[in-house]
Amino acid sequence: MRQPAGWKKLGLIYCPTGTLDWACSHAAVPVAEHVEGDLFRIYFSARDGQNRSVTGVLSLDITRPQETVRVEREPILQPGERGAFDDSGAMATWLTQFRGQRYLYYIGWNLGVTVPFRNSVGLALAREGESFHRYSPGPIVDRTPFEPHFTASCCVFPGEGRWRMWYLSCTGWLERDGRIEHKYHIKYAESTDGITWNRTGHVAIDFANESEYAISRPSVLFDGTVWKMWYSYRGDRYRIGYAESSDGVHWQRMDHLAGIATSPGEWDSEMIEYPFVFLHAGEQYMLYNGNGYGKTGFGLAKLERGA
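Residues numbered from 1 in each chain as written. Predicted model: local features only at pLDDT ≥ 70, side-chain atom pairs only at ≥ 80, totals over all residues. Heavy atoms only, no water.

A word on the overall build of the protein chain
The criterion, for reference: Helix and strand definitions here come from DSSP, where helices need a minimum of 4 consecutive H or I residues and strands a minimum of 2 consecutive E residues; each element is numbered from the N-terminal end. Put simply, the radius of gyration uses C-alpha atoms, and a globule should come to 2.2 Å times the residue count raised to 0.38. Calculation of accessible area relied on Shrake-Rupley with a 1.4 Å probe; when residues are assessed, cover is drawn exclusively from the protein chains displayed. Charge counting treats Lys and Arg as positive and Asp and Glu as negative, with His and both chain ends excluded. The location of each charge is read from NZ of Lys, CZ of Arg, CG of Asp or CD of Glu.
Counting secondary structure elements, the protein chain contains 0 helices and 20 strands. A globule of 307 residues ought to have a C-alpha radius of gyration of about 19 Å, and the protein chain, at 18 Å, matches this closely. Along the first, second and third principal axes, the C-alpha atoms of the protein chain reach 50 × 45 × 40 Å. Summed over all atoms, the accessible surface of the protein chain reaches about 13500 Å², with 48% contributed by carbon and sulfur. A distance of 1 Å separates the average location of the 32 positive side-chain charges in the protein chain from that of its 36 negative side-chain charges.

What follows is the structure, given as structure tokens:
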């Protein structure tokens, strides 16, 4: 099965105006959560006055995407205590539910000295109607003896006795044109509870060539037969890629079938990245970022069925 090309862009949905002290700029890595009917909560990562990542939420009617219902005045997840793995930022990356519990996986940021930053993955929990609270003061997916640099954006599928995770894994830091530059791709892990993960080092999406150095933000759907993944990849500028798998473990890249690209003269004219693909009322939607890693906000697209 091949993913039919053709995402119709529905426009820019939200970009901070600076009226909220925790959202001075950016609206990155959007995540959708269905509430009821056509109403969704959209989680996103903004930056505060200290340039720290903070997770906020807004409400959106998917049938009227240009009309934001409400941006919550208070964030749902702020940076952690001084010295903790997330003291420089707490950026939501994936949300899933299992047995009435909501699992919000987030990227914790630390600023670095020899390198610009270090990331790891934390977890916040909540039942419907409750506020999210950190599962633990430390990360659940961090560097190990065999992954010594950092981990970050992930996608998680829960299941009875078998949870799946696709996550960003840094393979090292390079010096290019006088700048320190990260290099990372996407690996695969499994768990029995969504908290403790067995990481064998299996690479799900690898670099296509030597000029590619960043593959991030996996977003996976399973149609009952085929596993499908959208992700960001970059050499010069970020683009959105696409891959398929029969088992969710071994993947074939088919970036030419991603079906979405930059738009000249628009807010996503230079780059397009951080896809989040979801289903609603028989339709397939994608939230995504454009220029500046979320500096120009996030948009929405809808898949147009192939002939």
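Looking at the pattern of salt bridges
Stated precisely, the cut-off is as follows: Salt bridges are counted wherever a side-chain nitrogen of Lys or Arg sits within 4 Å of a carboxyl oxygen of Asp or Glu. Remark: exposure states derive from per-residue accessible area (1.4 Å probe, protein chains only) relative to the maximum for the residue type, with buried under 20%, exposed over 50%, and partly exposed in between.
Under the defined criterion, the tally for this structure stands at 20 salt bridges. Note that R118 and D142 form a salt bridge whose closest N and O atoms lie 2.7 Å from each other. With R118 in strand β8 (residues 117-127) and D142 in the loop between β9 (133-134) and β10 (151-157), this pair connects stretches of sequence that are 24 residues apart. Judged by relative accessible area, R118 falls into the partly exposed class, the value being 24%. Salt bridges here are not isolated pairs; linked through shared partners, they connect E33, R41, R102 and E128.

Details of the sheet that holds strand β20 (residues 298-303)
Where we set the bar: Two strands pair if DSSP finds at least two bridges between them. Lines are fitted to the C-alpha atoms to define the axes, a helix being fitted only along its stretch in contact, and any angle between axes, read from their N-to-C directions, falls within 0 to 180 degrees.
The antiparallel open sheet is built from 4 strands, whose spatial order is β1-β20-β19-β18. Each edge of the sheet is formed by a strand with only one pairing partner; in this case those strands are β1 (7-14) and β18 (273-280). Between one strand axis and the next, the sheet turns through 25° on average, direction left out of account. The pairing of strand β19 (residues 283-289) with β20 spans 5 bridges and is antiparallel. Pairing of Y285 across the sheet is with K302, part of β20.

A look at the layout of surface pockets
Threshold: We place a 1 Å grid over just the protein atoms. Points where a 1.4 Å probe fits but has no way out form a cavity, open points with protein on both sides within 12 Å along at least 5 of 7 lines form a pocket, and any residue with an atom within 4 Å of a point lines it. Grid points are joined across faces, edges and corners, and a volume is the space filled by probe spheres set on the points. Note that Gly is not counted as nonpolar here; it falls among the polar residues with everything else outside the nonpolar set of Ala, Val, Leu, Ile, Met, Phe, Trp, Tyr, Cys and Pro and the charged set of Asp, Glu, Lys and Arg.
Taken as a whole, the largest pocket spans an internal volume of roughly 870 Å³. Together, 36 residues line the largest pocket, and R47, W109, F117, H182 and Y293 are the ones closest to its centre. At the level of elements, β2 (25-36), β3 (39-47), β7 (101-111), β8, β10, β11 (163-176), β12 (179-191) and β14 (214-222) are the ones that each hand at least two residues to the lining of the largest pocket. Per-element accounting of the lining of the largest pocket gives the leading share, 5 residues, to β12. Here the residues of the lining of the largest pocket sort into 19 nonpolar, 10 polar and 7 charged. Roughly 420 Å³ of volume is contained in the second largest pocket. Around the second largest pocket, the lining comprises 21 residues; the ones closest to its centre are W94, L221, V277, F278 and L279. The residue inventory of the lining of the second largest pocket, partitioned by class, reads 14 nonpolar, 4 polar and 3 charged.

Describing the environment of Y188
Selection criterion: Any two residues having at least one pair of non-hydrogen atoms within 4.5 Å are treated as being in contact. Distance and chemistry together define a polar contact, namely a pair of N or O atoms within 3.5 Å, with one atom able to donate a hydrogen and the other to accept it when in protein, and with adjacent residues in sequence counting only for side-chain atoms on both sides.
Structurally, the position occupied by Y188 is in strand β12. Between the C-alpha atom of Y188 and that of I240, which follows or precedes it by 52 residues, the distance is 19 Å. Not counting residues up to four positions away in its chain, the partners in contact with Y188 are R162, R164, M165, W166, Y167, H202, A204, G248 and V249. A distance of 3.1 Å separates polar atoms of two side chains, one belonging to Y188 and the other to R164.

Remarks on the side chain of S88
Secondary-structure assignment places S88 in the loop between β5 (68-71) and β6 (89-98). Note on S88: relative accessible area 13%, which makes it buried. A distance of 3.3 Å separates a polar side-chain atom of S88 from the backbone nitrogen of L111. In this structure S88 touches R52, S53, W109, N110 and L111, once residues within four positions along its chain are discounted.

Scope: geometric values only; no functional claims are made or implied.
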